[in-house]
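# Analysis of the macromolecular model
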Amino acid sequence: MVRLTIDGKVVEAKKGTSILHAAESVGIKIPTLCYIKDLLPDGSCRMCMVEIENRGRTKMETACTAQVAEGLVVTTNSEKVRNARRNVLDMLLSNHKTDCFSCKANGDCKLQDLCYEYGVAKTTYEGEQTDLPIDDSNPFFTYNPNLCILCHRCVNTCHKIVGRGAIDTMERGFDSAIGTPFHVDWIDTTCESCGNCVQACPTGALTMKRRKEYRPYQVDKKVLTTCPHCATGCQYYLVVKDNKIVDVEAANGASNKGLLCVKGRSGCFDFVHSPDRIKYPLIKNHETGEFERATWDEALDLVASKFLEIKRKYGSDALAGFACSRSPNEDCYMMQKLVRCAFGTNNVDNCARVCHSASVAGLAMTLGSGAMTNPIEDITKNPDVIMLVGSNPEEAHPVVGMQIRQAVQRGCKLIVVDPRDIDLAKKADIHLKLRPGTNVAFANGIMHIIIEEGLQDMDFINERTEGYEKIKEIVKDYTPEKVAKICHIDAEDLRKAAIMYAKADMAPIIYCLGVTEHSTGTEGVMSMSNMALLVGKLGRPGCGVNPLRGQNNVQGACDMGALPGDFPGYQKVSNPEVLAKFEKAWGTKLNPNPGTHATDIFPAAIRGDVKGLYIFGEDPVVTDPDTHHVIKALESLDFFVMNELFMTETAQYADVILPGVSYAEKEGTFSNTERRVQRVRKAVELEGEMRLDTDIFTDIMNRMGYPQPHLTSAEIMDEIASVTPSFAGISHERLDKEGGIQWPCTSKDHPGTPIMHVGKFTRGLGWFYPAEYVPSAELPDDEYPTILMTGRILYHYTTRAMTGRTPGLMQIAGKSFIEMNIEDAEAIGIKDGDRVKVSSRRGEIETTARVGTKVSPGETWMPFHFPDGNANWLTNAALDKYARIPEYKVCAVKVEKA
Ligand SMILES: Nc1nc2c(c(=O)[nH]1)N[C@H]1C(S)=C(S)[C@@H](COP(=O)(O)OP(=O)(O)OC[C@H]3O[C@@H](n4cnc5c(=O)[nH]c(N)nc54)[C@H](O)[C@@H]3O)O[C@H]1N2
Ligand SMILES: Nc1nc2c(c(=O)[nH]1)N[C@H]1C(S)=C(S)[C@@H](COP(=O)(O)OP(=O)(O)OC[C@H]3O[C@@H](n4cnc5c(=O)[nH]c(N)nc54)[C@H](O)[C@@H]3O)O[C@H]1N2
Ligand code: SF4
Ligand code: SF4
Ligand code: SF4
Ligand SMILES: [Mo]
């Protein structure tokens, strides 16, 4: 520590601290333009100039680069300093168009503010102002070089924080500007339109196009809330003018650190105000097949009477309900309460069934809890090695992807295990481009090598695990050579990866659907925990087994008990004590039999065992495997009700549609992938007869004879806390005060739990599951010779119900395609961009070929977002034996010229 004086105040600061930080720590603000917190100072704008007196000598220096030293005397606001800053501003303006009145950033420009503060109205420099061309190619933002002060904030943000590096400073003297490599249009670079550079720009040079819709002084409020797309759980403000969301500003949340991806910044509000929103209850007229507008009483009476009739005739288990993982915890809790208390069945589930149910089931078996073990910050900030298995975070969890890119820039090693050349594979030290469906063989091979090399952690194994001898016996067979053959990888690469992972001090496994969406998905997941248990990388910082959960609140939907065997907080339906506790809390007899999984409900409907279905915000006609079979199931039902925002493919099959409201129109909480419960806040109220989903559930419960008072979202959370030990300390009031809290949070003064399984596993001992490699259910043959994998792209979210209503996203990515290997394409005479027919045993579609080497020969890949050629007409509804998750990631297809 050193002592110095800043503006007469004595300040203590650590050696190496900048004067800027030291001043800030005692509340002295020094103006900056180019400076970005957490990055090395750029020092280019010179706005933070201060006077520093050292042993009698005084000089001017930039406070962002100058460091503290014993005895310095710093003056931050003398006339000399102010004059220097005036000169800086004068210089900057010499090259800057100053018709502020017509600038979109007017009123929200740091340069304008500083010029005002320092009394610089116009430049004293005479000379030519050049008119540089504006780049308008990106659908969301514009770059006007004539307003650019070359502070490099955008470039530094893109390179060092976003980790993308799409833009650069093009030094051309007085005409310098921000540019793109090879001078292509912005839209044609590797830019992912995240807009983080735009938010960083202190002037009007980089501005969102939507800024022309409003002026800062017209804004009524900014509402802090949570992104409704992926489970990263980014925090942002919805900017509201006249009851309309006009913009989004990133907030500094625990998981996003001020960053957003393109969907959070630009794809999260158009759908809210879309004219396609369903505004009134609709009842299908079975004579005409058309939906007709109904009153709420008509619709709710019909729903309750039909469900009661089915219950009376066929019993409670002929009814089922699916909860919406896109909606808040409070909504999911009420949905499962409705199914359990009013339907009288445990046939309740959520889209985790088709997503991470294998994680929930698998990690519960081996560790005792199916959630991510460590926080995002912890597994991206300090690890030495990241092992990324079947996860494409740059597209599916982009803000996590950005933090992984930062880790790699800092020198963290990266092992990518993925059948495709995902972008992160290019940054990887080792890419195991394995054959789809062979994760268990890969993991067993890794363990074989670790044991062979004697790198297993015997202390950890002896103290904290069971089942080691059995797994040791099994993996003996999985020699690198054998595994290399099964997985189509290089044995030496496998060996290197095993040693790199085992020897690292901090090394998290991060995985996603490439592991879970298989007929052996649960065993794939347990293979991930097997690897971590073997080297003792659990229960401590920078390690763990980390499933990146998918939907914004899929963690929450599971936590809230929208699962057929679990009450809220994973309390088991099959445990008589738990059942008795919920019977008391909810004041009714409950069904003691665990329910049927969502993926088994459709076959049950076809068989006639399930007659009535209530789907709250899911679109299985688009998203479940084997579309023909889903449609057949829906058509087999006696009565089918939906809560929806839009007339989705699935909603078309409903008898009644009840219009709910979106995340921007209600209060509540989402739980992100790191178990962090964060607030969702109401920003707007729209015209129409839409109602809170929780109020709709309450009315149906009452009409079906279960007395349920109307509760606010905060009151529902209090009820959740009262019946769920892991949520006991959570309330809206506390979240509003403290920000997000990671469960388990067992009392009002419990701080929450960032890292799980410290000292002891939730299950007691960690269990090595004896997993053997079993091939996928449907393998290529002569008739269908190619493997099809499916997944997602950056710009769209699942069915596009929400992102498809943002025109800019549709402009960037609006059509389906299939990735093929060039060898396969040439063999059947297909070129990049050709139309192709893709068929499987279940259906056929047409789409466009993307030919290259991203996938290996014999393999193809498609997104499932697009109605023109949806992959799910082809996929296989083969289910995993534990979690009943479908094998979306492997089926056999034939590709032909269309
Ligand atoms: N932009 C966008 N983001 C999303 C979503 C979205 O629709 N759009 N959806 C959200 C949801 S619901 C989820 S669950 C997550 C999913 O997020 P991810 O699981 O990351 O996404 P996917 O594209 O389904 O698959 C990930 C990777 O698995 C690889 N893979 C396929 N088969 C195998 C295999 O057998 N082994 C291995 N090791 N890898 C394999 C694929 O090549 C792919 O790169 O994303 C969430 N985020
Ligand atoms: N081929 C293939 N298929 C897949 C996958 C794959 O990798 N490959 N992945 C699977 C995965 S991981 C998942 S999670 C599923 C996702 O599948 P789904 O859950 O079916 O897809 P979403 O588009 O998220 O559907 C959510 C619906 O809820 C509505 N909604 C959103 N918020 C609210 C609300 O607050 N209230 C009401 N009433 N409605 C609301 C939206 O309008 C939307 O129609 O898809 C699966 N399908
Ligand atoms: S929008 Fe994002 S990716 Fe594109 S240039 Fe800006 S920071 Fe880079
Ligand atoms: S575009 Fe904005 S952030 Fe980038 S250098 Fe110019 S003024 Fe700075
Ligand atoms: S990373 Fe996920 S949560 Fe964050 S802004 Fe993007 S879609 Fe939203
Ligand atoms: Mo998902």
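An unreviewed UniProt entry lists the protein chain under the name Formate dehydrogenase subunit alpha, with Intestinibacter bartlettii given as the organism. In the Sequence similarities (unreviewed entry) part of its UniProt record, the protein chain is described as follows: "In the C-terminal section; belongs to the prokaryotic molybdopterin-containing oxidoreductase family."

### Here we look at the overall build of the protein chain
The helix and strand inventory of the protein chain stands at 30 helices and 39 strands. Taken over C-alpha atoms, the radius of gyration comes to 29 Å for the protein chain, in line with the 29 Å a tight globule of 898 residues would show. Oriented by its inertia axes, the alpha-carbon framework of the protein chain measures out at about 90 × 70 × 65 Å. Counting only residues that meet the buried cut, the protein chain has 63% of its 898 residues in that class. Contacts in the protein chain between residues at least 24 apart in sequence constitute 72% of all its contacts with a sequence separation of at least 6. Approximately 33,500 Å² of the protein chain is accessible, and the part contributed by carbon and sulfur atoms is 50%. Averaging the locations of the 103 positively and 118 negatively charged side chains of the protein chain gives two centres separated by 3 Å.

### Concerning the sheet that holds strand β18 (residues 413-417)
The parallel open sheet is built from five strands, whose spatial order is β19-β18-β17-β21-β22. Bordering the open sheet on either side are β19 (430-432) and β22 (545-547), each of which pairs with just one other strand. Direction aside, the axes of adjacent strands within the sheet are offset by 15 degrees on average. As paired elements, strand β17 (residues 385-389) and strand β21 (residues 509-511) share three bridges and run parallel to each other. Bridged to V389 within β21 is Y511.

### Focus: the site of ligand 4
Around ligand 4 lies a shell of 14 residues, among which C148, C151, H152, C154 and C201 are the nearest. A class-by-class count of the residues in the shell around ligand 4 yields 11 nonpolar, two polar and one charged.

### A short note on the domain arrangement of the protein chain
Domains assigned within the protein chain are domain 1 (2-77), domain 2 (282-352 + 553-725), domain 3 (383-530) and domain 4 (786-897). Residue-level contacts link 22 residues of domain 3 with 23 residues of domain 4. Buried area between domain 3 and domain 4, summed over both chains or domains, comes out near 2,000 Å², and the portion from carbon and sulfur atoms is 53%. Per-residue buried area on domain 3 facing domain 4 is highest for E395, R420 and E517; these three make up 33% of the total on that side. Linking domain 3 with domain 4 are four salt bridges, by the criterion used here. Between E523 and K881 there is a salt bridge; the shortest N-O distance is 3.6 Å. Summed over the shared surface of domain 3 and domain 4, the number is nine residue pairs in polar contact (both at pLDDT 80 or more). Classifying every residue of the side of domain 3 that touches domain 4 gives six nonpolar, eight polar and eight charged.

### Let's talk about the UniProt feature "domain: 4Fe-4S Mo/W bis-MGD-type" (unreviewed entry) in the protein chain
In the numbering used here, UniProt assigns the "domain: 4Fe-4S Mo/W bis-MGD-type" (unreviewed entry) feature to residues 220-275. Within residues 220-275, the helical portion is 9% and the strand portion 36%, while the C-alpha atoms at the span's ends are 23 Å from each other.

### As for the layout of surface pockets
Quantified by volume, the second largest pocket comes out at close to 830 Å³. Lining the second largest pocket we find 34 residues, and of these E395, L794, Y795, R850 and K854 sit closest to its centre. Looking at the lining of the second largest pocket, the elements with two or more residues in it are α11 (393-396), α13 (423-427), β33 (817-821) and β35 (844-852). At four residues, β35 tops the list of elements feeding residues into the lining of the second largest pocket. Of the residues contributing to the lining of the second largest pocket, the split by class is 14 nonpolar, eight polar and 12 charged.

### Here's the deal with the environment of T65
Its place among the elements puts T65 in the loop between β4 (57-62) and β5 (73-75). Judged by its relative accessible area of 39%, T65 falls in the partly exposed class. Spatially, the C-alpha atom of T65 lies 51 Å from that of K889, the residues being 824 residues apart in sequence. If near-sequence neighbours (up to four positions away) are discounted, T65 is found in contact with P41 and G43. In terms of polar contacts, T65 uses its side chain to reach the side chain of T62, at 2.5 Å.

### Focus on the site of ligand 1
Around ligand 1 there are 35 residues in total, and A396, D418, G437, H796 and T798 lie nearest to it. One nitrogen or oxygen atom from the main chain of A396 is found 2.6 Å from a nitrogen atom belonging to ligand 1. The separation between a nitrogen atom of ligand 1 and a polar main-chain atom of H796 is 2.5 Å. Here ligand 1 loses 99% of its free accessible area of 910 Å² to cover by the protein chains.

### Observations concerning the side chain of T520
Structurally, the position occupied by T520 is in the loop between α19 (513-516) and α20 (521-534). Residue classification places T520 among the buried residues on the basis of a relative accessible area of 13%. The contacts of T520, once residues within four sequence positions are left out, are V774, D880 and E887.

### Focus: helix α3 (residues 110-117)
Buried residues of α3: L111, L114 and C115, and no others. Projection of α3 onto a plane perpendicular to its axis shows the buried side chains occupying an angular sector of 100 degrees, all on one side. If you follow the buried residues of α3, they end up packed against α2 (79-94). In the segment just after α3, G119 is the residue with positive phi, at about 65 degrees.

Conventions and cut-offs
Residues numbered from 1 in each chain as written. Chains lettered and ligands numbered in written order. Predicted model: local features only at pLDDT ≥ 70, side-chain atom pairs only at ≥ 80, totals over all residues. Heavy atoms only, no water. UniProt positions renumbered as here; feature names shortened; annotations may be inferred. Helix = DSSP H or I, 4+ residues; strand = E, 2+ residues; numbered from the N terminus. Rg over C-alpha atoms; globule rule 2.2 N^0.38 Å. Buried < 20%, exposed > 50% of the residue type's maximum accessible area, 1.4 Å probe, protein only. Contact = heavy atoms within 4.5 Å. Areas by Shrake-Rupley, 256 points an atom, 1.4 Å probe, with all protein chains shown as cover. Lys, Arg positive; Asp, Glu negative; His and termini not counted. Charge placed at Lys NZ, Arg CZ, Asp CG, Glu CD. Pairing = 2+ DSSP bridges. Axes fitted to C-alpha atoms, helices over the stretch in contact; angles between N-to-C directions. Near = heavy atom within 4 Å. Nonpolar A, V, L, I, M, F, W, Y, C, P; charged D, E, K, R; others polar. Domains from an automatic or database assignment. Buried area = accessible area lost by both parts, 1.4 Å probe. Salt bridge = Lys/Arg side-chain N within 4 Å of Asp/Glu carboxyl O. Polar contact = N/O pair within 3.5 Å; in protein donor to acceptor, adjacent residues only side chain to side chain. 1 Å grid on protein atoms, 1.4 Å probe; cavity = no way out; pocket = protein on both sides within 12 Å on 5 of 7 lines; lining within 4 Å. Points joined across faces, edges and corners; volume = space filled by probe spheres on them. Arc of directions from axis to C-beta.

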